[in-house]
Number of protein chains: 2
Amino acid sequence: MSQTALASWRDGTAKQAILDFISGVTTEGGPDFVAVADRIATFDNDGTLWVEQPLPPQFDFVFGTWAKEIKADPALAGQQPYKAILERDPAFFQGIATQEPAVITALLAAFGRSWAGSTPAEFEAQVREWTVSAKQPKLGVSYLDLVYKPMLELFNLLKDNGFRVFVCSGGGRDFMRVFAEETWGVNKENVIGSAAEYTYTADGKIVRGEEILGRLNLGPGKPEHIFAQTGRLPVFAGGNADVDIEMLEAAKFGLLINHDDPDREFAYTSGAEASMVKADKLGWTVVSMKNDWDTVYGKLADL
Amino acid sequence: MSQTALASWRDGTAKQAILDFISGVTTEGGPDFVAVADRIATFDNDGTLWVEQPLPPQFDFVFGTWAKEIKADPALAGQQPYKAILERDPAFFQGIATQEPAVITALLAAFGRSWAGSTPAEFEAQVREWTVSAKQPKLGVSYLDLVYKPMLELFNLLKDNGFRVFVCSGGGRDFMRVFAEETWGVNKENVIGSAAEYTYTADGKIVRGEEILGRLNLGPGKPEHIFAQTGRLPVFAGGNADVDIEMLEAAKFGLLINHDDPDREFAYTSGAEASMVKADKLGWTVVSMKNDWDTVYGKLADL
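If you're wondering where the values come from, they're calculated on a predicted model, not measured in any experiment.

Visitor: What exactly am I supposed to notice about the side chain of Asn258 of chain B here?
Guide: Residue and element names in this part refer to chain B. Mapping Asn258 onto the fold places it in strand 7 (residues 253–258). For Asn258, a relative accessible area of 17% corresponds to the buried category. In this structure Asn258 touches Met276, Val286, Val287, Ser288 and Met289, once residues within four positions along its chain are discounted.

This is the structure:
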């Protein structure tokens, strides 16, 4: 294995555990060998591949859209989810992670209001506009400038060793697919996320509906969506939060990103308390952003 | 392009149309160039990649299972869909193609009875047993010996030209995924079909549920599932029946297999009447199995 494969990773137990695992998987006749066909790797996005503070970036896109809708129809400001968002109500955001039914229903209704009836091209144009205009509030740069370079290197290392790499986020499948190819080197078909149902109309268009397809891609929804998309469970999985626990449990190798770098990124454990306990119990490899990563941000083109 | 790429195809308009289209797609700067990322090809299975007479092979597998259930519980013989199957009721099979609600409801309930609660490994073992034991009634060989060699050559040609090849059948996604890799050289994740919802249980298992995910993968369901799985609509699509019309319409290049070879396969137009009319109107390339194919059957290993 190339010594420069994980160039932004400092030598240490996390980097070594990754290299040892990949070495085992690819050693034919060895006890840890995995057939090439089975080499599926899956990664959460928010907080695993890019910054998720103060909120996952897709919220910035969605709330921007909803702010325009509230301006056009001020009565919305008194209704959920608009009210909770305007008030930055922490209980509401907690309710997303725990999939509280009232919160999810309100959210889905609002997504339907904004995008039901739209085509993929219309949605893509909105997301592209956001990727070039939005800035992360603390760091002052585009969200796509806040992708973790060490994870892109890991993607390349996995691919070089016969893995197919999938991104598997609670966020929107179609949102991520807009920038997946240029940002991660991951084809759209390898992006798994929460997703609206689409209808093929009599005049030959794909049009977004009101409902979502299957469960939200959080918690147990992650291995369910991974199985539906790939016919397998992952061999290698990476995440950073409690909503990734089931995906990491389903994998042979679990990688948990620990946000402990207040200087270059953020330091927080909120939403990852249970996963840190699980990591210890199940032997997942915990990555310290502060200690294990020499460089935090970077682009595919710079690898 | 290699002259031997489509070795089992006789020279003629169908072969030439395929070669010309691929040449256009891959000619950078030309009017028909398609970026590599967009090169998605999708193919129906039954009647497009293997024999579908007298019934699509998966019915043989399913009916074999149901015959055992009727033996164990004879009262089932008076209920749908078991009754219609025992009587080989043509109206019932027509009702599948047209997605008649009562027919689909009865079928899904019977699928649930047979497989709800099962794991993918259990289902795979049943399908594998069937692939080695079942024989096509007229031709007397295993169904996997009745895969069309010219189509496997076409898959390879498309892949050699940057396409990702997907199989997209009305049949069961999980059924096809069992043999997709060795039979077609298509990874499980590139198999799209009608599919049950699966649940990830608290003890870490993927278990089949009662419901299906989205629509059946027939008619407009095909482009819907293709978009959901890949984020795109196909550039190249192949089918042989009216349930493939929307998928072929959604593609830049449509290939329609015409079953006109009673000596080596079967001759029938039933279920393909509207697609033949569409082919003429929309300029799809119609393949005569009798005239365009030098060899009909073959295996991936023989290419």
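Visitor: Where do I start with the sheet that holds strand 2 (residues 164–172) of chain B in this structure?
Guide: Each strand in a sheet pairs with its neighbour through backbone hydrogen bonds, running either in the same direction (parallel) or in the opposite one (antiparallel). Residue and element names in this part refer to chain B. Within the open sheet, the six strands sit side by side as 3-2-1-6-7-8. Their pairing is parallel. Looking at strand neighbours, the two that pair on one side only are strand 3 (191–194) and strand 8 (285–288), the edges of this open sheet. Between one strand axis and the next, the sheet turns by 20 degrees as a mean value, whatever way the strands run. Of the pairings in the sheet, the one linking strand 1 (residues 40–43) to strand 6 (residues 236–239) comprises three bridges and is parallel in character. Considered in strand 6, the bridge of Ala41 is made with Phe236. Contacts from helix 7 (residues 149–160) reach strand 1, strand 2, strand 6 and strand 7, with the element oriented near 170 degrees to strand 1.

Visitor: Which parts of the structure should I look at to understand the pattern of salt bridges?
Guide: It is possible for side chains of opposite charge to pair when their charged atoms get near one another. All names here are of chain B. Taken as a whole and judged by the stated rule, the model has 37 salt bridges over all chains. In this structure, the salt-bridge partner of Arg128 is Glu182, at a minimum N-O distance of 3.0 Å. With Arg128 in helix 6 (residues 120–133) and Glu182 in helix 8 (residues 173–184), this pair connects stretches of sequence that are 54 residues apart. The class for Arg128 is partly exposed, based on a relative accessible area of 35%.

Visitor: Explanation requested: the environment of Asn187 of chain B in the structure shown.
Guide: Within the fold, Asn187 of chain B resides in the loop between helix 8 and strand 3. Distance from Asn187 of chain B to Gly140 of chain B, taken between C-alpha atoms, is 28 Å for residues 47 residues apart in sequence.

Visitor: For this particular structure, what's the right way to read the interface of chain A and chain B?
Guide: A common measure of how large an interface is: the accessible area buried when the components associate. Between chain A and chain B, the contact holds 33 residues from the first and 33 residues from the second. Here chain A and chain B share an interface that buries about 2600 Å² over both sides, 55% of which is from carbon and sulfur atoms. Looking only at chain A, the three residues that lose the most surface to chain B are Glu189, Tyr200 and Phe227 of chain A, adding up to 26% of its buried area. Along the contact surface separating chain A from chain B lie four salt bridges. Between Arg164 of chain B and Glu189 of chain A there is a salt bridge whose closest N-O contact spans 2.7 Å.

Visitor: Honestly, the packing of helix 2 (residues 57–72) of chain B against helix 5 (residues 101–115) of chain B in this entry has me stumped. Any pointers?
Guide: A pair of packed helices is characterised by two quantities: the angle between their axes and the separation of those axes. Residue and element names in this part refer to chain B. Where helix 2 meets helix 5, the axes come as close as 11 Å, and the angle between the chain directions of the two elements is 70 degrees. One way to sum up the angle between helix 2 and helix 5 is to call them roughly perpendicular. In this structure, helix 2 contributes Phe61, Val62, Thr65, Trp66 and Glu69 to the contact, and helix 5 contributes Leu107, Ala110, Phe111, Arg113, Ser114 and Trp115. A class-by-class count of the residues in the contact of helix 2 with helix 5 yields seven nonpolar, two polar and two charged.

Visitor: For this particular structure, what's the right way to read the relation of the copies chain A and chain B?
Guide: One copy of the chain maps onto the second through a rotation about an axis and a displacement along it. Of the two same-sequence chains, chain A is brought onto chain B (RMSD 0.0 Å, axial shift 0.0 Å) by a rotation of 180 degrees. Such a combination of rotation and displacement between the chain copies is what one expects of a two-fold axis. Of all interface residues in chain A, 100% are interface residues in chain B too; the two copies therefore contact each other through one and the same surface.

Visitor: So what exactly am I meant to see when it comes to the packing of aromatic side chains here?
Guide: For any pair of aromatic rings, the description consists of the separation of the ring centres together with the inter-plane angle of the planes. In this structure the tally under the stated criterion is 56 aromatic pairs over all chains. An angle of 35 degrees between the planes, with centres 5.4 Å apart, marks the rings of Trp50 of chain A and Phe179 of chain A as tilted. Taken together, the residues Trp50 of chain A in the loop between strand 1 (40–43) and helix 2 (57–72) and Phe179 of chain A in helix 8 (residues 173–184) connect sequence positions 129 residues apart. Pair check on accessibility: Trp50 of chain A and Phe179 of chain A agree, each one buried. Plain terms: the ring middles of Tyr198 of chain A and Phe227 of chain B are 4.7 Å apart, the flat faces sit at 55 degrees to each other, and that makes the pair tilted. With Tyr198 of chain A in strand 4 (residues 196–200) and Phe227 of chain B in helix 9 (residues 221–230), the pair connects residues from two separate chains. With respect to class, Tyr198 of chain A is no different from Phe227 of chain B; both count as buried. The side chain of Arg208 of chain A reaches across the aromatic face of Phe123 of chain A, ending 5.2 Å from its centre.

Visitor: Explanation requested: the pairing of strand 4 of chain A in the structure shown.
Guide: Along any regular strand the residues' side chains alternate between the sheet's two faces. Residues and elements named next belong to chain A. Every second residue of strand 4 is oriented toward a common face, the buried set being Ala196, Tyr198 and Tyr200 and the non-buried set Glu197 and Thr199. Of the pairings in the sheet, the one linking strand 4 to strand 5 (residues 206–212) comprises four bridges and is antiparallel in character. Bridging from a neighbouring strand, Ala196 pairs with Ile212 of strand 5. Remark: five residues form the turn of the hairpin made by strand 4 and strand 5, two consecutive strands paired antiparallel; Gly204 in that turn has positive phi of roughly 80 degrees.

Analysis parameters
- Every residue gets a number counted from 1 within its own chain, in the order that chain's sequence is written.
- Labels are handed out in written order, letters beginning with A for the chains and numbers beginning with 1 for the ligands.
- Reporting in this predicted model follows two pLDDT cut-offs: at least 70 for local features of residues, and 80 or more for side-chain atom pairs to be given and counted; totals over whole chains, interfaces and linings ignore these cut-offs and use all residues.
- Side-chain measures were taken over the full set of non-hydrogen atoms in the model, leaving aside hydrogen atoms and water.
- Labels follow the DSSP assignment, with helices taken as runs of H or I lasting at least four residues and strands as runs of E lasting at least two, numbered in each case from the N terminus.
- Using a 1.4 Å probe on the protein chains alone, a residue whose accessible area is under 20% of its type maximum counts as buried, one over 50% counts as exposed, and one in between counts as partly exposed.
- The contact criterion used throughout is that any non-hydrogen atoms of two residues lie within 4.5 Å.
- Pairing between two strands is assigned when DSSP locates at least 2 bridges connecting them.
- Between N-to-C directions, angles cover 0 to 180 degrees, with each direction set by a line fitted to C-alpha atoms, over the stretch in contact for helices.
- By salt bridge we mean one thing: a side-chain nitrogen of Lys or Arg within 4 Å of a carboxyl oxygen of Asp or Glu.
- The quantity reported as buried area is the accessible area (1.4 Å probe) lost by two parts once they are put together, taken as the sum for both.
- Oblique is the label for every angle not falling under 35 degrees (roughly parallel), over 145 degrees (roughly antiparallel), or within 65 to 115 degrees (roughly perpendicular).
- We call Asp, Glu, Lys and Arg charged. Ala, Val, Leu, Ile, Met, Phe, Trp, Tyr, Cys and Pro are nonpolar, and the rest, Gly among them, are polar.
- Copy-to-copy superposition: least squares on the C-alpha atoms, limited to residues that have pLDDT of at least 70 in both copies.
- The pairing test for Phe, Tyr and Trp rings, Trp by its six-membered ring, is centres within 6.5 Å, and the orientation test on the planes gives stacked under 30 degrees, edge-to-face over 60, and tilted for anything in between.
- Geometrically, a charge over a ring is one whose NZ (Lys) or CZ (Arg) sits within 6 Å of the ring centre while staying within 35 degrees of the ring normal.

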